[in-house]
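Coordinate analysis (summary)
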Amino acid sequence: MTTGNLGPLMEPHPPESSSDNEEETVSLAAGQEFSTDVQLTFCVMRRSCGLQDSALQEGVRTRLRIVESSGQEIAELFKDLSARLVSVHIERDCFSITFKTVEEIWKFSTYLALGHVARCLENFLFDQSFWLNEALVDDVEISVTLNQEHLATVYLGLLLQEGTFFAKALCPITNPDDDDLCIKKNDLVMVKNVGQDSFWEGMLLSSGRHDLVPVSAMQPLPYPFYQWFLKTYPGSAGSPSPGKCLFDHAIGKGTCVAVVDNNSKGTDELNFNKGEQLEIVGFLLSGLEWFVGRCVSSGKTGFVRTIHVKPESFKPLDTHLVFLSEEEKALLTMLDPSSEQCYDTLLNNLAKTDINTVYRLDKLVKSEFPDLKNQSQLEEMSLDGFTESSMLERYEMVPTEHSPEQTDSKSQCSNKDITCLTFSSEDTFKEMDELEEDPKFFVDLNTWDTEDSEFFEPILTFLNEDHYVSHYQSLYDISFSFLNSTFYGFSEEGELVQYLENAREWAKKSRMNWALRRICFLLGRLCAKKVKFSQARVYFEESLGVPGCGFADTFLLTALYINLAAIYLKQNMKEKLEVILEKANSLFLCLPQHLFSSFNEFEVLQLVLKKAIMTSDMHLEARTCFLVMTLFLKLGRTEGALPFVERLQFLSLSISAQTTVSPVDLNWMLSTLYYDKYLPHMSLGSLRLASDQRRSLHATLQKVDRFIQNAIRLNAQWAGDNSPLPAQITIYLKQALAIASQSGDIQAQRDLCLSLVNVYQHYRVFDGAVEYAERAIETGRQINEEEAFKASLLLAWLLICNEQVEKASDILASLLKSLDETDSSTQRGVVHNLLAICLRKENRIKEAAGNLYWALKKSQETGNKRNQALTLANFGYLALSIRAYVLAEGYLLKSLQLFSELLDSSTDADHVQACLLLGQCYIETKRTEDGRLCYETALLIAMSARNLHSQLHAAKSLSCFYEKVLPRLGQCIIYYEHCVALSRQLKDKRLEGELLETLSKLYSSLKTEKACRKSLDYTKQSLRIFIDLGKKDKEAESWLQAGRIYYMIRENELVEMYLQAAIETAQRMNDSQFVMRMYEEAGDVFYKGNGHREAAIAFYRDGAVPLSRSTGDADSELRLINKLTELETNLKHYDDALQYATLAVRLSVSTGDQLKERIAFHRLASVHYSLQQYEMAENYYLKALSLSPLQCVKEARYFVKVYYRLGDLTLHKLEDALDASGYFNLALAAALEELENKEALYIIYIKLAEIHASHVPDEKLHSFFMSNAQALRKEPAPDTDTFC
């Protein structure tokens, strides 16, 4: 037994409107357990080749590792996507998500089908550098997939879990005990699990009757949207139409032929004879019972039953329309949330630069910290950023041949954050040739009882036109604008009702039928507004019953039918409803450009949508959703409109799946609606998908503005006038630039080029910045010379930053020449200052100083203290570069004095730089305390300004100061820890990892257990970061450092585990040299330590040595063999040591390096000595000595030690006193070269005296050596082994 089945949750190609369509189903057995977790897989694809981009895929994994460590950002993303994140499986490239309600799965499946999930992941996972690469942006996308069947199973399970849901009958169902309950195929039924295995309790929506229904005969509605709609808007659903039309297409236009005679006397029905040709007015929807037709022979218009005709020249709508008219599609593209806004201020903010007024500071040596403009802590900054509504109009929408003309809109949005979506009502009435003022009628309270008709003649004449005229618009619109625009002189609506009642009577008496019809309609509207539906119904029925051809004013006829149908629905008047409902539907859906008159019309649309659900008619559903969406947006109910906008976008994509053109793109509208709901990820995702249907500069600048608003919501650091912007903004700026170029808007082109320059410059992509700066020069020349000059200055500065100094110098020289005939001191000073920086970089010091002199003079002429301070700082840096420290100090002190007088916060970064320069000057002149004071002052200034980057620069300088200049480990650590805190605020994981790595080494150098524990903590933190970043080399080094620290704190059981992890990580890099280094450094942990030194042998012998041989690195192999020789010797494994020592000799000879040969022979001699092979040891010691001639004091010490060892060896081991005397004399000669080594001389004299006293007796020599020894003896001689 199954509890239900349904088709796939979100099909790429939903079924066409056919009742015989068989679908694949997903079923769930009663009580069956199933996993609610869904695996969402992502893949970075190249559109050009359809293959995965491995490099970018790895970059995305790295980004995921970083955000996964905190978990908050990725969880917020999926919260926006209406899913609950369970876990992230980075190596499998998937997210595990789950859902707890049907609403969650409905929203997520919609976002997935619309492409929002993939776009949101792109916005979230690609780094800033990606968005600056135009080729990548155009070719790369993230593709997301999941198991649709499993998602459908989860959906079905959640339906069963909630208990009550909606289903469609798969076949007719009858109840023998109740003839009134007859369920037809495709009827909608609300079902509830009542505990029976084979039956549910069902309520037929068309009648409201309850009974048990077989589970096997019910199919839960496959789209969660249907469940939401039917639950949110309950009520009768009607039954499927019994007849079947003769049209193959669901919607179309053209002509058809009558297949029967029709002589109906029904209201506004068209009479025709069999075989007559009928023209379709508007559309024919095959899912509706009626359409509006015009008889070709008679020219009359009226209702026609769909089953009474067959197609003749009937064709579906064009592929770019499908279910809309041209006017309706144009109306959608005009749906502008800020149509009256313009973007002068926005572009000015984006394009602003002070390059032509403010000098630039020559930089210190290239810093690893980004040199940005002042960026204060952003908690106190406004989140409004660039969204000011006080913008003056300049950029108007420029229509192209592919976009409809823009018309004015009366509707304005005053709230800049919560925007009202509105239609421009004039667009619906484009037949107006002249914009005439609507006539107004005074409601004279004294004429209600008059018998003179002349008082009502003007209003009756106005309303008695037998066709629609533009002035009637205010009578029919949903805003009741006629209360203000057509009538005046009344204080309350009741007075107007009485006036219209009186006019109604005079219309009857005067037999002015059209006036009577319109007055009754207005009275009905006013009654319905007061919720007096019975009274309104009477007026509407009277209006509809007035003789005359209703189709002469289709807007009035449509409003009457729909309002009347809505009231019949509210009052449950089924018999009357059946008469007009289908006709109302045909007017509603088949005639384009419907003018809404009441929110009650939504009642009728609900019935139509339920009918579309029953018949699976996507075209009917799409038109209904379009009308519902339009109604909600006209009323400003954006939250209510959102589900229908999403559904319409989905239907649009599904219907056009076989074509290359989508009939409608609602992504811009969705972006606005999501923004209003504070869903920034969704808003940005929709913005990425939004097409350029309107192709206007105004529309594209709206995208720029909307992007900024959402970016600020996602990250407050983008707020503020001086804050940088996400690199992704370049997509929309380039779109705007392309449109501005097409339309020839030079000013906009210039502003957009400068905006792009600012973004590229901030991210240090200077090639891109230079490209757009050159374009800014071209457009600037077409505006005026001032703009071209500014852009040229900016280009020169970019070239300087990009180290293209020669080219920059040429530009600046030409600019300086162009200023000869002007008196602009500021601009001349700016050029001189930049030229000085170029000349300094080219080491043309004298010329640079000359230009700085003129720059300073010009700034003094204008009284600009900021520029004076910058020039003096540049003078100081120039003097510092040639080591003229006194001059440098003087200039920098004057600069700092001027900076301290400035209150402008924009100078803080330069103030900090000047302090650091002065500190560097003091340190190079050995005035360390003054240098420290300057560095600390720089840090205080940066902290006071809350400038994170400047703080980082100053704190780094102080760390290096206490590490290298004035070594104080405690202070050094304090400042490095401050750097770590700053890197976390800046969210720079790479920098944070490197700083933690440095801190770990500093703490471990203290060699106390507490410090080592702290070092271990920092190492593990950096390890996590490097794993997240995918930095395998840094990860391996962190594993190694952790192993080293565990060795220091004697937790030996963990040492080898971490060392092996380091090696395994290195092996994944496929870099043999790096792997060899890791093996060697792992061995060095034991080799350089005090315990378990034998553990180093395996790392050297089994790992490092084979790799050194395979890579042909003889030097490394020799170094490793020497280490093995020493280890084996210390462990008294002399035979093994001898093999390594012999191999080391051979390797050293092949290197041709005498020093390495000497070391190898010396080690070999020492091994032979340990093996008591003294003659061999003597031979190799002598060989080692022969490879190093005595040329310096350091060499003399080596000779002393070796000759002393040889003398001792021959005296005591070989018992050759004569040779021993010779070796000791040679040692004495070498020791005399190093006269400061008194201890060595003393010991050698004693040894020689001993030999001549006992072994080779010579009283004279004995006395000589003893007297020399006594002369040197100032303290007892040390143990002679010290010199062996």
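Let us look at the structure shown here.

Turning our eyes to something else, we now look at the overall build of the chain. Across its full length, the chain holds 51 helices and 21 strands. If you take every contact in the chain between residues at least 6 apart in sequence, the share linking residues at least 24 apart comes to 67%. Roughly 55,400 Å² of accessible area belongs to the chain as shown, and the carbon and sulfur atoms make up 48% of that amount.

Backbone geometry at R946 places phi at a positive 55°, although glycine is not the residue there. A positive phi angle, close to 60°, is found at K987, a residue other than glycine. Following the sequence through the fold, K987 ends up in the loop between α37 (969-985) and α38 (989-1004).

Looking now at the pairing of strand β12 (residues 210-214). As defined by bridge partners, strand β11 (residues 199-204) adjoins β12 across 5 bridges and the pair is classed as antiparallel. In the sheet register, M203 faces β12, and the bridge partner there is H210. Linkage of β11 to β12, two consecutive antiparallel strands, is achieved through a turn of 5 residues, within which G208 is found at a positive phi near 80°.

For any two helices packed against each other, the geometry comes down to the angle between their axes and how far apart the axes lie. The geometry of helix α22 (residues 667-676) relative to helix α24 (residues 697-714) is characterised by a closest axis approach of 11 Å and an angle of 30° between their N-to-C directions. It follows that α22 is roughly parallel to α24 by the angle criterion. Relative to α24, the crossing made by α22 is left-handed. Across the interface between the two elements, W668, S671, T672 and Y675 from α22 touch Q702, K703, R706, Q709, N710 and R713 from α24. Split into classes, the residues belonging to the contact of α22 with α24 amount to 2 nonpolar, 5 polar and 3 charged.

Turning our eyes to something else, we now look at the side chain of D187. Secondary-structure assignment places D187 in the loop between β9 (178-183) and β10 (188-192). Among buried Asp, Glu, Lys and Arg side chains, D187 stands out as unpaired, with K184 the closest opposite charge at 6.1 Å. Discounting residues that sit within four places of it in the chain, D187 has contacts with A167, K168, A169, C182, L204, G238, S239, P240 and M614.

Here we have 5 strands laid out as an open sheet, ordered β12-β11-β10-β7-β13, and antiparallel in their pairing. Every interior strand has two partners, whereas the edge strands, β12 and β13 (218-220), have only one. Neighbour-to-neighbour, the strand axes of this sheet turn through a mean angle of 45°, independent of strand direction. Strands in contact with helix α7 (residues 148-162) are β7 (164-169), β11 and β13; relative to β7, the strand with the most contacts, it is inclined by about 120°.

About the cut-offs
- Residues numbered from 1 in each chain as written.
- Predicted model: local features only at pLDDT ≥ 70, side-chain atom pairs only at ≥ 80, totals over all residues.
- Heavy atoms only, no water.
- Helix = DSSP H or I, 4+ residues; strand = E, 2+ residues; numbered from the N terminus.
- Contact = heavy atoms within 4.5 Å.
- Areas by Shrake-Rupley, 256 points an atom, 1.4 Å probe, with all protein chains shown as cover.
- Pairing = 2+ DSSP bridges.
- Axes fitted to C-alpha atoms, helices over the stretch in contact; angles between N-to-C directions.
- Parallel < 35°, antiparallel > 145°, perpendicular 65-115°, else oblique.
- Left-handed = near helix turned anticlockwise from the far one by under 90°.
- Nonpolar A, V, L, I, M, F, W, Y, C, P; charged D, E, K, R; others polar.
- Buried < 20%, exposed > 50% of the residue type's maximum accessible area, 1.4 Å probe, protein only.
- Lys, Arg positive; Asp, Glu negative; His and termini not counted.
- Salt bridge = Lys/Arg side-chain N within 4 Å of Asp/Glu carboxyl O.

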